[in-house]
Amino acid sequence: MSDDKERTVELHYEGGVLKLPVFTGTEGESTIELKTLLGSTGMTTLDPGFGNTASCSSKITYIDGAAGILRYRGYPIEDLAVHSTFLETAYLVIYGELPDPGKLKEFSDKLRDNADIPADMGTLIDAMPRNGHPMALISSAVNTLAAYYEDSADPEDEDQVELATIRLMAKLPTIAARIYRNSIGESPIAPDDSLDYVDNFIRMTFGDKAPTGDLGDLFNKAVGMLLVLHADHELNCSTATVRVVGSSKADIFASVASGINALSGPSHGGANQAVLEMLEEIRDSGISIEDFLEKVKAREMRLMGFGHRVYKNFDPRSKEIKVLASQILDQHDSPDELFALALKLEAAALQDSYFTERKLYPNVDFYTGVIYRTMGFPTNMFTVLFALGRLPGWIAHYREQLHDPAFRIARPRQHYIGSTERRYPGQG
Ligand code: CMC
């Protein structure tokens, strides 16, 4: 935190005037520090959804929502999406710098060496409801990693946190692919250490049905790019959850499992599934786009894949994804009807004052589902792919928090509006 004690703001309240320091971030953003507020004034702040609250200082990701800027460790997302691989980006997000070839190989080798899961963990996963939502299943499986690997569950031990980092990154694709194969009644495919991270995941998922040749290369590129685009997004709901859970000194497996649960909601990562279901509903019901948007405006439903807490102009990730969607769908002889529908829906919404006045634009989830569907992923796996991408971000935030000198257990206050004291019936 760049702390500029010269700058202050004054809070005038019934009891007097409180001077509060203003910190300046590296991008010039100003943050008022409220540490002394409650002690000095007896007052708290009320900020539903934490829309105005910075709960920590962080060096990982910078977003300027008005300008549509997203950078990991200072590198623009547009550069990383095109020039970086997912493993390189994951390394950058977690460790703070781009790896040189030697470090990248070392990281990749460690992930290959740790990609297997214990046999009895496989049995446990196989015993879970096969038709259950994969997000529920992967969070449960990740939670149990703490029990399988107690030797890497101590947040106070840096070596253990590092080992847990490798284990999480290495095993999540294996867990996700196994859960998918269970859902289609196919036996699991063991990790193949001759393949790179993304290819290995595609292979463990689709087996012999995985595309090969040019199409295989395109799929690898597309999945890799989507994972890069999802790798971190500062204090979003799931990452904030990982930090909150981790702030109690819960281990990294429990914290990441909590992040997966937070991601599953349709207002967050679950939106990519919800978008596809919405497009299918529009197609199947035959409702016109205009009538559908009228229902949204009448608040009967939300336009899924639109709007963002931070981006109020455009989501830079959605631009990259739209281009990728065209490339993938171009491989098919006939145009994709859901992609065509999504393009029409976007165009109609962006001409409608309801959406423009509220600064609602397509977000990262609007086109991802269309791409995943074309690749053969079932709808309920879309959010799992989001989780695979977001994992480095969750890990990076968990680790950063452990070294934050201002680290405290997360414990917000409340604005109490309940009953005042009353007597228990019969007690006078
Ligand atoms: N459709 C229709 N109206 C919307 C939408 C939408 N998708 N999003 C926001 N609004 C309206 C909202 O009703 C409100 O209107 P009014 O001021 O008249 O009451 C105004 O826009 C501001 O909305 P908000 O709910 O205060 O915004 P928020 O910052 O709390 O919510 C959001 C952000 C992403 C949860 C919300 O835009 C939303 O529900 N979008 C649809 C779900 C979605 O696509 N989620 C993925 C988000 S990006 C990836 C991720 O985070 O995982």
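Because the structure is predicted, anything quoted here is derived from the model rather than measured.

### Observations regarding the environment of Tyr-361
Examined against the element boundaries, Tyr-361 turns out to sit in the loop between α16 (353-357) and α17 (365-375). What makes Tyr-361 partly exposed here is its relative accessible area of 25%. Between the alpha carbons of Tyr-361 and Asn-313 there is a distance of 6.9 Å; along the sequence they are 48 residues apart. Among all residues touching Tyr-361, those that are not within four sequence positions of it are Gly-305, Phe-306, Gly-307, Lys-312, Asn-313, Phe-314 and Leu-350.

### Things to note about the site of the ligand
Near the ligand there are 22 residues, and of these His-268, Arg-299, Arg-302, Leu-303 and Arg-309 occur at the shortest range. Residue His-268 places a side-chain N or O atom 2.6 Å away from an oxygen atom belonging to the ligand. In the model, an oxygen atom of the ligand is placed 3.3 Å from a nitrogen or oxygen of the Gly-269 main chain. Out of a free accessible area of 930 Å², the ligand has 75% covered by protein chains.

### Focus on the packing of aromatic side chains
Given two aromatic rings, one states the distance between the centres and the angle between the planes to describe the pair. Taken as a whole and judged by the stated rule, the model has 14 aromatic pairs. Where Tyr-91 meets Phe-107, the ring centres are 5.5 Å apart and the plane angle is 80 degrees; that geometry is what we call edge-to-face. Taken as a pair, Tyr-91 in helix α3 (residues 86-95) and Phe-107 in helix α4 (residues 101-113) lie far apart in primary sequence, 16 residues in all. Residue Tyr-91 is classed as buried on the basis of its relative accessible area, which comes to 13%. Here the aromatic rings of Phe-366 and Tyr-367 are separated by 5.0 Å at their centres, their planes lie at 85 degrees, and the arrangement is edge-to-face. Taking relative accessible area as the criterion, Phe-366 reaches 0% and is therefore assigned buried. Linked through ring pairs, Tyr-180, Phe-201, Phe-206, Tyr-372, Phe-377 and Phe-382 together constitute an aromatic cluster.

### Some thoughts on the nonpolar core
Judged by nonpolar contacts, the single largest core of 112 residues is most densely connected at Ile-138, Met-169, Met-278, Leu-303 and Leu-345. Excluding residues within four positions of it along the chain, Leu-345 makes contact with Met-278, Leu-279, Ile-282, Ile-289, Phe-292, Leu-293, Leu-303 and Phe-366.

### Some points on helix α18 (residues 382-402)
When the terminal C-alpha atoms of α18 are compared, their 31 Å separation across 21 residues agrees well with the 30 Å that a helix rising 1.5 Å per residue should span. Largest kink in α18: about 45 degrees, centred on Arg-390, with the proline Pro-392 one to four residues after it. Most of α18 is tucked away, with 20 of its 21 residues classed as buried.

### Topic: the sheet that holds strand β4 (residues 61-64)
Strand order in the open sheet formed by 3 strands is β4-β5-β6, with antiparallel pairing between adjacent strands. Taken across any chain shown, the strands that pair with only one partner, and hence form the sheet edges, are β4 and β6 (75-76).

### Some remarks on the sheet that holds strand β2 (residues 16-24)
Strand pairing within a sheet occurs via backbone hydrogen bonds; the two strands may be parallel or antiparallel. Read across the sheet, 3 strands follow the order β1-β2-β3 without closing on themselves; strand pairing throughout is antiparallel. Each edge of the open sheet is held by one strand with a lone partner, namely β1 (8-13) and β3 (30-32). For this sheet, the mean angle separating the axes of adjacent strands, direction not counted, is 30 degrees. Of the strand pairs in this sheet, β1 and β2 are connected by 6 bridges, and their pairing is antiparallel. Residue pairing in the sheet places Thr-8 in a bridge with Pro-21 of β2.

### Points about the pattern of salt bridges
Within the structure shown, the criterion is met by 20 salt bridges. For the salt bridge of Lys-35 with Glu-33, the shortest nitrogen-to-oxygen distance reads 3.8 Å. The closest approach of N and O atoms between Asp-284 and Arg-283, which form a salt bridge, is 2.8 Å. Salt bridges sharing common partners tie together Lys-105, Asp-109 and Arg-112.

### Examining unusual backbone geometry
With phi around 40 degrees, Glu-234 is a residue other than glycine that occupies positive phi space. Structurally, the position occupied by Glu-234 is in the loop between α9 (213-230) and α10 (237-246). The exposure class assigned to Glu-234 is partly exposed, which follows from its relative accessible area of 24%. One non-glycine residue with positive phi stands out, namely Lys-249, at about 70 degrees. Summarising the element assignment, Lys-249 is placed in the loop between α10 and α11 (252-263).

### Considering the packing of helix α12 (residues 271-285) against helix α15 (residues 337-349)
In contact at an axis separation of 10 Å, α12 and α15 are set at 95 degrees when each is read in the N-to-C sense. Classified by the interaxial angle, the pair formed by α12 and α15 is roughly perpendicular. In contact with Leu-276, Met-278, Leu-279, Glu-280, Ile-282 and Arg-283 of α12, α15 contributes Glu-337, Leu-338, Leu-341, Ala-342 and Leu-345. Within the contact of α12 with α15, the residues separate by chemical class into 8 nonpolar, no polar and 3 charged.

Criteria and cut-off values
- Residues numbered from 1 in each chain as written.
- Predicted model: local features only at pLDDT ≥ 70, side-chain atom pairs only at ≥ 80, totals over all residues.
- Heavy atoms only, no water.
- Helix = DSSP H or I, 4+ residues; strand = E, 2+ residues; numbered from the N terminus.
- Buried < 20%, exposed > 50% of the residue type's maximum accessible area, 1.4 Å probe, protein only.
- Contact = heavy atoms within 4.5 Å.
- Near = heavy atom within 4 Å.
- Polar contact = N/O pair within 3.5 Å; in protein donor to acceptor, adjacent residues only side chain to side chain.
- Areas by Shrake-Rupley, 256 points an atom, 1.4 Å probe, with all protein chains shown as cover.
- Phe/Tyr/Trp six-rings, centres within 6.5 Å; stacked < 30°, edge-to-face > 60°.
- Core = buried A, V, L, I, M, F, W, Y, C linked by side-chain atoms within 4.5 Å.
- Expected span 1.5 Å × (residues − 1).
- Bend = angle between axes of the 7 residues up to and from the residue.
- Pairing = 2+ DSSP bridges.
- Axes fitted to C-alpha atoms, helices over the stretch in contact; angles between N-to-C directions.
- Salt bridge = Lys/Arg side-chain N within 4 Å of Asp/Glu carboxyl O.
- Parallel < 35°, antiparallel > 145°, perpendicular 65-115°, else oblique.
- Nonpolar A, V, L, I, M, F, W, Y, C, P; charged D, E, K, R; others polar.

Function-wise, these values are silent; they only describe arrangement.
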